[in-house]
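Okay, here's what each chain looks like letter by letter:
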Amino acid sequence: SASPNFERLAAFAVLGALFCLVYPRHIVLVCMVVLGSAVLLEIAQQLTPDRHGRIHDAIIKMTGGALGIVAGRAILYFPRAHRWFPN
């Protein structure tokens, strides 16, 4: 079984890459949605007594999201990728 930190990182990397590929012309909005959702999820956990949001978890999620966005941009950069994900 993968560690919870790796699962968080991987989930947000996939999220970041998919948003980047689906909305290639809206990179600022993509960054706001992906990175903002990481922070908001941790803040929302403070509202329930049985959960605890942690800065460390938010940083892991934001790192995964950023890596996914960078990977999505890299995919879009290569000419062959434009066949599948047009700008």
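Residues numbered from 1 in each chain as written. Predicted model: local features only at pLDDT ≥ 70, side-chain atom pairs only at ≥ 80, totals over all residues. Heavy atoms only, no water.

Caption draft 1: Quick peek at the overall build of the chain. What the chain contains, in helices and strands, is 3 helices and 0 strands. Looking at the chain residue by residue over its 87 residues, the buried ones come to 28%. A separation threshold of at least 6 residues defines the contact pool for the chain, and within that pool the share at least 24 residues apart is 59%. Carbon and sulfur atoms provide 72% of the accessible area of the chain, an area that totals close to 6,000 Å². (Helix = DSSP H or I, 4+ residues; strand = E, 2+ residues; numbered from the N terminus. Buried < 20%, exposed > 50% of the residue type's maximum accessible area, 1.4 Å probe, protein only. Contact = heavy atoms within 4.5 Å. Areas by Shrake-Rupley, 256 points an atom, 1.4 Å probe, with all protein chains shown as cover.)

Caption draft 2: Highlighting the packing of aromatic side chains. Scanning the entire structure with this criterion turns up 2 aromatic pairs. Judged by centre distance (5.7 Å) and plane angle (80 degrees), the rings of Tyr-77 and Phe-78 are edge-to-face. Overall, the relative accessible area of 66% leaves Tyr-77 in the exposed class. (Phe/Tyr/Trp six-rings, centres within 6.5 Å; stacked < 30°, edge-to-face > 60°.)

Caption draft 3: Just a nonpolar patch on the surface, in detail. Side chains of Val-28, Leu-29, Met-32 and Val-33 sit close together on the surface and give an oily, nonpolar patch of about 380 Å² of accessible area. Mapped onto the elements of the fold, Leu-29 is located in helix H2 (residues 27-45). Judged by its relative accessible area of 48%, Leu-29 falls in the partly exposed class. (Patch = residues over 30% accessible without salt bridge, like charges linked within 9 Å, V, L, I, M, F, W, Y side chains within 5 Å. Salt bridge = Lys/Arg side-chain N within 4 Å of Asp/Glu carboxyl O.)

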